[in-house]
Amino acid sequence: KELPLATYGGEWAENEVIDQCDPSPCQNGGRCESHVGGYICHCPKQSHDGFQYGGVNCDERLVGCEGHECQNQGSCSPFLLDGTHGYTCSCSPGYTGPLCKTPTTFSFERRGYLLLQSPLVDAEVSCNITLSFKTVLPRAVLFQRNSRGLLLSLELDEGRLRLTLRKEASAGAEAESPSHVLELPHNVTDGEWYSVEAVLIHWVLTLKLLDDAGSCGNQSCHRAAPVQNTLAGPAAPPQNTFIGGVLRDSNGPNEVSPLPAFIGCMQDVFVDWQLVVPEEWLSDRAVNVSPGCSHRDRCLDVPCQNRGQCVNLWQSYQCRCPRPYEGQDCEEEHVTARFGNEDSQSYAAFTVTDDLGHDLSISLFLRTRRDSGLLLALANGSGQQYLNMWLEDGKVTVQLHNAESLKAESAIDDGEVHFVSVAMVKDHMTLYVETQKQIEVAVRTVGVQAGDTVYVGGLLGSRKTSMFGGYFKGCIQDLRVNDRRLQFFGLDTSVRAYPLEVMENVTAGCSGDNACSRNPCLNGGMCFSMWDDFTCTCPPKTAGRRCEEVRWCEMSPCPTDSECRMLSQGYECYSNATFLNDSTVLSYRGNGKISRNLTNLSLNLRTRRRNAAILHAEKDSAFLTLSVQDGSLFMELQSTTEEDRREGQGVSTVSLSSRRSVSDGEWHNVHLFMAAPWAQTSLWTLVLDEEIEEASTSRSQGGNLDFLRQGVDIFLGGLAPDAGWSLTGCLDTVELGGIALPYLSSSDVNLPRLQEEQFVQTSLHPPLLGCSGAPVCEPSPCLNGGECHDFFNTYNCSCADGWAGRRCDFFTNTCASGPCVHGNCSVNGMTYECACEFGYAGVDCEEEVDVCENHLCAHGGTCLHGPDRYACLCPENYTGPLCNERIEEIPWYIVVKNVRPKLPVSVCGDNTRNYTCFNGGNCTDRELSCDCVPGFIGHRCEQEVDECKSNPCLNGGYCRNLINKFICVCDMSFAGDVCQTDLTSEGLTSDLLLSISLVSVVLLLALILTSVSLVVALNRRATHGTYSPSRQEKEGSRVEMWSITQPPPVERLI
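Residues numbered from 1 in each chain as written. Predicted model: local features only at pLDDT ≥ 70, side-chain atom pairs only at ≥ 80, totals over all residues. Heavy atoms only, no water.

1. Let's talk about the overall build of the protein chain
So, step 1. When its secondary structure is counted, the protein chain shows five helices and 88 strands.
So, step 2. Residues classed as buried in the protein chain amount to 40% of the 1054 residues present.
So, step 3. Counting only carbon and sulfur atoms, one obtains 49% of the accessible surface of the protein chain, whose full area is about 57,200 Å². (Helix = DSSP H or I, 4+ residues; strand = E, 2+ residues; numbered from the N terminus. Buried < 20%, exposed > 50% of the residue type's maximum accessible area, 1.4 Å probe, protein only. Areas by Shrake-Rupley, 256 points an atom, 1.4 Å probe, with all protein chains shown as cover.)

Right, dumping it as structure tokens:
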């Protein structure tokens, strides 16, 4: 209000506007706005207490939304009008009406449209269309409006919005290219709701994506462009607006436009600010449009099989199938062609029916376990091959125009399915295995023409096929040349394919051969068939792909008293055998399957016979004899070779003997062999007990032992049964050319012998297994701890130390057992004596004794302990190491002190030069001098320092000498360390104190005189006596510690 202001100073003031908002009359957070004549309170939508308020001053609580009837998630907004409470409903997307009951959503489930007609209100062309939609189709028309010869259409192109304005085509003429196009870069076909606004007003074209969810990001959601007003033609009402699809009325009312129809849902469609409500449609204006939105993503059901990719088509789906699958759900698989079933020769041929140009692509699926074989070949009309693809070392190899071949890096002969492709583009060829590039090279261009032939798996002739590794064995599937298929079975006329001309031994499917039908697993292994392969489950103790490796010895095939040895094929049991006389001679023969050359002979021998036959065999003029002659081993060989027999030459004889005797009853190893086993004839060598240095070599050459392989009796243990000169002793298993002459027959072992080359025992009586002579060591004949050794019917004793003789019954060394524990032993006839170490005693020096026990210090000398000896402290008038030397003069320390040294003594030196330090002095061996402790002086630290000599005590104090110090005994009137403190007051005297002082002075003088006398006596002794330090050092002092007398050894009789 404008009110006249009071006047001041007799004058009228100017009119002034009063601020009605100061103070603010608005309550509950209301904002006051003042104006002339009053104010207005703007009440907040929600106050701090959670309620809304209205009224002039925002002081009345709004209760209109209590019990409201807004539906479908519509929000209620209360109001107060003329004192009456009420509310309005704000509808959520897809609904309209006072209470949000009317749905605005409709859907296109298949091709259709919604036609809206409106009169041309204004002479100027204008259009304002806003709609929300969701779809998954990348191309579709959202709406199209024709007005005065113009077509305004909003479309989806590759998932993006595109608004187009162009002239409408006249009758019989084609539509011109778009005049104006607006595009937005966002993808809006992901099945979510999007809102878009398209406006044409005042000849400005605008496209705007209403971004509520922030989907625009950094990209622009708005496009605008001016258009020419000359595009419009004369008015031709009414205006037609097609939603979701269009009809081209130029060629007839029912011809569908080539533009793709919209499949999806729409809602809140406003055409020129008018909401399109499904309830208000005319039935003839809506084709295939249904209210609501019932979209369901069919791909959620995962309908596509075999790794197919599902594409959502709103009301349906589409499967993008990977090769080699096809069908609605990728459930169908291309029929696989099997080549080389049961090792047959398979191939197929196709004819090319059109020219393919210079770009060529060959692709196929491949499965094989063969590392070689022809896969594919291209030949021209004259039969000349210009492209070959084959397997080499399991790797795909390609050759073009007989040029250098290209080989892949990775092998594919593992029985798995692999995708192989070859691409030739212009002058480059690339080989792929799976998706990995193997090699790429520059090549001469190739041109596949009609009439050329494609050979698969092999050529018509096996000779040509063998040049590429032979016929292919395996499976091929989905073979394609460019986009043409090569179908072996189930020919499908709906696809582009080359005709099949010939096919041999190719079967449908990819079943492998039954590799177990040939029983490949050995030694009881169980066979399991795999694709074109097998695997063996081997029994225990066997191994290998075919269970061919048998660990025979782990299955305990031999008896317990024999040794199992593995062979390349099987096993053999090695044992010992005893030979006693002619009745124990054994005979053997080859089994007729021995093919190796017999060039050596090995055995172990034990005998005491000096003359005996060990092994003998003969055939015609050839023979072999191994014997013991005069205790030495002797071999005699006479053999003929095939060449000698053909040329009629004579036989060669070889003689060998050992350098040492073998008739000692011990085991000896014998090895006979040809020096050059590969030659027809060679020198022979004898090695005894593996002593190579003492080996014997024959002077002449001889042949091998091949005449023993078949049809010859080999006698072991003698020349022959009942022929005499038989062996008495033991042999282990003899080997001829590495083949054993076994003592155990087939019935004696637990498993069959599988080796082909064998010597078979032909003697009727079994051998005496083991090496068992007379039990000469049971009981043991050896005495005194001797060990008995069996040398086949005789024995030998290994005696303990100090014993000898055949039975260890002769004693040789009484000190051999080391009886002296801490001393040296010496033999004394049949007994011994021990010289004990210092500190030990006893017959065997086993007792530890005190060094001063039984000491030899004479004349009452005192034994002093040392670290490893003792010393004697002699009494007066005696000296020497044992105090046995008498002296006339009394030693100084007895005269002065008449006591022993106060501290321990130490000794250094030896028996000739020695030195003794008293009173804790340290003695050194190098200089033979004493390092005295504080308080002692002298060459041997024998003199104690008199600290009272300087009369340190004052005021009549008495000095008491101690080691390295002194103590003052003070008068009663004085105190302090040296009696320096007077305890009486000045002038205080008495007769008694005076008398005591005089007496003290007299005693002190007497003590001084006595001390002076002693000093004089000591000085005289040091200069005029018979004591000499040099003589003492040479002859020894009274305390002698360098010589320790040990007790004599104790004699012991045994």
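2. With respect to the pattern of salt bridges
So, step 1. Scanning all chains against the criterion turns up 30 salt bridges.
So, step 2. Here R162 ties to D157 by a salt bridge, and the two come within 3.1 Å at their closest N and O atoms.
So, step 3. One salt bridge in this structure joins D301 and R296, with 2.7 Å as the shortest N-O distance.
So, step 4. Taken together, the shared-partner salt bridges connect R338, D343, R370, K473, D513 and D532 into one network. (Salt bridge = Lys/Arg side-chain N within 4 Å of Asp/Glu carboxyl O.)

3. Considering the sheet that holds strand 29 (residues 347-351)
So, step 1. Strand order across the open sheet formed by seven strands is 34-33-32-31-38-29-41, with antiparallel pairing between neighbours. Each edge of the open sheet carries a strand with a single partner, namely strand 34 (406-407) and strand 41 (500-504).
So, step 2. By the bridge criterion, four bridges tie strand 29 to strand 38 (residues 453-456) in an arrangement that is antiparallel. Bridge pairing in strand 38 links A348 to V456. (Pairing = 2+ DSSP bridges.)

4. Digging into the sheet that holds strand 59 (residues 714-716)
So, step 1. Pairing is antiparallel in the open sheet, where seven strands are placed in the order 55-54-53-52-59-50-63. Across the chains shown, the open sheet's two edge strands, defined by having one partner strand only, are strand 55 (652-661) and strand 63 (759-761). Across the sheet, the axes of successive neighbouring strands diverge by a mean angle of 15°, strand direction being ignored.
So, step 2. Of the pairings in the sheet, the one linking strand 54 (residues 632-639) to strand 55 comprises seven bridges and is antiparallel in character. Note on strand 55: the bridge partner recorded for L637 is V654. (Axes fitted to C-alpha atoms, helices over the stretch in contact; angles between N-to-C directions.)

5. Examining the packing of aromatic side chains
So, step 1. Counted by the stated rule, this structure contains twelve aromatic pairs.
So, step 2. Residues F350 and F488 carry aromatic rings whose centres are separated by 5.3 Å and whose planes lie at 80° to one another, so their mutual orientation is edge-to-face. Linking F350 in strand 29 with F488 in the loop between strand 40 (484-486) and strand 41, this pair joins segments that are 138 residues apart in sequence. This pair shows no difference in class: F350 is buried, exactly as F488 is.
So, step 3. What links up through ring pairs into an aromatic cluster is the set F106, F108, F133, Y194 and F262.
So, step 4. Here the basic side chain of R61 rests over the ring of F51, its NZ or CZ set 3.5 Å away from the ring centre.
So, step 5. The ring centre of W531 lies 4.2 Å from the NZ or CZ of R367, which sits over that ring. (Phe/Tyr/Trp six-rings, centres within 6.5 Å; stacked < 30°, edge-to-face > 60°. Lys NZ or Arg CZ within 6 Å of the ring centre and 35° of its normal.)

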